[in-house]
Amino acid sequence: GTGAVMAVPAHDERDFAFAKTFDLPIKRVVAPKGTDPADAGPGEEMEEAFTEPGVAVASGAVDGKATAEARAAITDLLAKEGKGAKRTNYKLRDW
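These remarks concern the structure in this document. (Residues numbered from 1 in each chain as written. Predicted model: local features only at pLDDT ≥ 70, side-chain atom pairs only at ≥ 80, totals over all residues. Heavy atoms only, no water.)

The subject of this paragraph is the nonpolar core. Counting eight residues, the largest nonpolar core consists of Ala10, Phe16, Ala19, Ile26, Val30, Met46, Ala49 and Phe50. The contacts of Val30, once residues within four sequence positions are left out, are His11, Phe50, Glu52, Gly54, Val55, Val57 and Thr67. (Core = buried A, V, L, I, M, F, W, Y, C linked by side-chain atoms within 4.5 Å. Buried < 20%, exposed > 50% of the residue type's maximum accessible area, 1.4 Å probe, protein only. Contact = heavy atoms within 4.5 Å.)

This paragraph deals with the side chain of His11. Along the polypeptide, His11 turns up in the segment before α1 (13–21). With a relative accessible area of 17%, His11 lands in the buried category. Leave out the neighbours within four places in its chain, and His11 touches Lys27, Arg28, Val29, Val30, Ala49, Phe50 and Thr51. (Helix = DSSP H or I, 4+ residues; strand = E, 2+ residues; numbered from the N terminus.)

Right, let's talk about a nonpolar patch on the surface for a bit. Among the surface-exposed residues, Phe18, Phe22 and Leu24 lie close enough to one another that they form a single nonpolar patch of about 330 Å² accessible area. Residue placement: Phe22 occurs in the loop between α1 and β1 (30–31). The exposure class of Phe22 is exposed, given its relative accessible area of 54%. (Patch = residues over 30% accessible without salt bridge, like charges linked within 9 Å, V, L, I, M, F, W, Y side chains within 5 Å. Areas by Shrake-Rupley, 256 points an atom, 1.4 Å probe, with all protein chains shown as cover. Salt bridge = Lys/Arg side-chain N within 4 Å of Asp/Glu carboxyl O.)

What follows covers the environment of Ala70. By the secondary structure assignment, Ala70 is in helix α2 (residues 67–80). For the pair formed by Ala70 and Gly41, sequence separation is 29 residues and the distance between their alpha carbons is 19 Å. Contact partners of Ala70, with chain neighbours within four places excluded, come to Ala56, Val62 and Lys65.

So this is what it looks like as structure tokens:
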């Protein structure tokens, strides 16, 4: 099918707890603003998920870019390579 399963243990509290419980690898790809990507350290050393906007680390060509800028650059790259496109999903929830 066309579905995908996404898990981001370094940047989602529930995924982080699951990964810690089952000793799964945790890869940090966002660090606090002002962090040098080379100094971010591995995700296994994290004590909790980092869920705030920050800078991309361990992310190749987008290392050091702000979260929003990195997301846009990755989306553009995938579109140019014919591997994806920007799309907005809406979710309706009860108040």
